[in-house]
Amino acid sequence: AQSVTQPDIHITVSEGASLELRCNYSYGATPYLFWYVQSPGQGLQLLLKYFSGDTLVQGIKGFEAEFKRSQSSFNLRKPSVHWSDAAEYFCAVGARTNDYKLSFGAGTTVTVRA
Amino acid sequence: DAGVTQSPTHLIKTRGQQVTLRCSPKSGHDTVSWYQQALGQGPQFIFQYYEEEERQRGNFPDRFSGHQFPNYSSELNVNALLLGDSALYLCASSSYRDNQETQYFGPGTRLLVL
C-alpha cells in the first residue's frame, strides 16, 4: 500500500526567509510524487510533480522539490517566502500500477509572518 | 479552457438524507476521481470512474456511490448521511486515454450534515 507522511503539522516562517516542507513516502514500485497547495476554503492547486528523470523539479510560484530515492523523500523548498504563500501544503503519491490513485499526507500549514 | 467545475459549492443536509454532488472534468479529460477531505486532514480517495465504470474504490462504505456520464461528467451520491460525512468533497480529473498521470482538482463541495 502507498502512504505519505508529512512530519511537520505547522511551520511559521518570516517573509523573505527560506522554506522547506518535508515529505516521506512508502511505495514498493516507482512512485509518482506531487505537491499540491490549498488556500483556505479552496480546492487543490498543483505546484509540481515528479515522474522520472532529473530528481530536482521546478514548479510554479518559485517552488522546487527534490526526489531522494534512498531516503524515500520528496521535500518541497522555496528560497524566499512571500506572504501569499501562507496556505496548506499536501504531498501525494500515486502510481501507474494503481491507476494513479493518489494517497495524500495530512498536510503542513504554513504561516508567514511579516 | 475551463478547469474542473463542481456544484453546488456548499450544501447543508440532515442525518439520514441523501445527497448528490456533481463534477465536470477539465476539457479533454476522461477520468474522474472523488476525494473526501475532513477538516484538518488530507484528502482520502473515494473512487475513480473511467468509461462510465468504477475502476478503483477506496475504503468507503456502499452508501457512497457514483456515476459517470457519456460526456465524462460525474456524480457522487451519498445515502443515509451521517454526521461524519461532513467534509469537503473534491473532484479531480485526468486523462487515462492519453496516459496523463496528473490529476487536476476542482474547488470542492463543502457538505455539512446536521
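The structure this text deals with has already been given above.
Calculation rules
- Residues numbered from 1 in each chain as written.
- Chains lettered and ligands numbered in written order.
- Predicted model: local features only at pLDDT ≥ 70, side-chain atom pairs only at ≥ 80, totals over all residues.
- Heavy atoms only, no water.
- Contact = heavy atoms within 4.5 Å.
- Buried area = accessible area lost by both parts, 1.4 Å probe.
- Salt bridge = Lys/Arg side-chain N within 4 Å of Asp/Glu carboxyl O.
- Polar contact = N/O pair within 3.5 Å; in protein donor to acceptor, adjacent residues only side chain to side chain.
- Helix = DSSP H or I, 4+ residues; strand = E, 2+ residues; numbered from the N terminus.
- Nonpolar A, V, L, I, M, F, W, Y, C, P; charged D, E, K, R; others polar.
- Buried < 20%, exposed > 50% of the residue type's maximum accessible area, 1.4 Å probe, protein only.

Q: So what's going on with the interface of chain B and chain A? Which residues, and what values?
A: Across the boundary between the two partners, chain B contributes 23 residues, which contact 21 residues of chain A. Among the residues chain B hides against chain A, the three largest losses belong to B:Gln56, B:Glu101 and B:Phe105. Together they make up 30% of the total. The tally of links between chain B and chain A comes to zero salt bridges. Summed over the shared surface of chain B and chain A, the result is four residue pairs in polar contact (both at pLDDT 80 or more). Secondary-structure elements contributing two or more residues to the side of chain B that touches chain A are strand E4 (31-37), strand E5 (44-50), strand E6 (53-57), strand E9 (87-95) and strand E10 (100-105) of chain B. With six residues, the single largest contributor to the side of chain B that touches chain A is E10(B). For the side of chain B that touches chain A, the class distribution of residues is nine nonpolar, 11 polar and three charged.

Q: With reference to specific residues and values, describe unusual backbone geometry.
A: Residue and element names in this part refer to chain B. The linkage connecting Ser7 with the following residue, Pro8, adopts the cis geometry, with an omega of -10 degrees. Looking at the secondary structure, you find Pro8 in the loop between strand E1 (5-7) and strand E2 (10-13). Its identity is not glycine, yet Ala80 carries a phi of approximately 45 degrees, on the positive side. Looking at where Ala80 falls in the secondary structure, it is placed in the loop between strand E8 (74-78) and E9.

Q: Outline the environment of B:Cys91, supporting the account with residue identities and numerical values.
A: Residues and elements named next belong to chain B. Mapped onto the secondary structure, Cys91 falls in strand E9. Its relative accessible area of 0% is what places Cys91 among the buried residues. Taking the C-alpha atoms as reference points, Cys91 and Cys23, 68 residues apart in sequence, are found 6.3 Å from one another. When residues no more than four places from it in sequence are discounted, the contact partners of Cys91 are Val4, Gln6, Cys23, Val32, Ser33, Trp34, Tyr104, Phe105 and Gly106.

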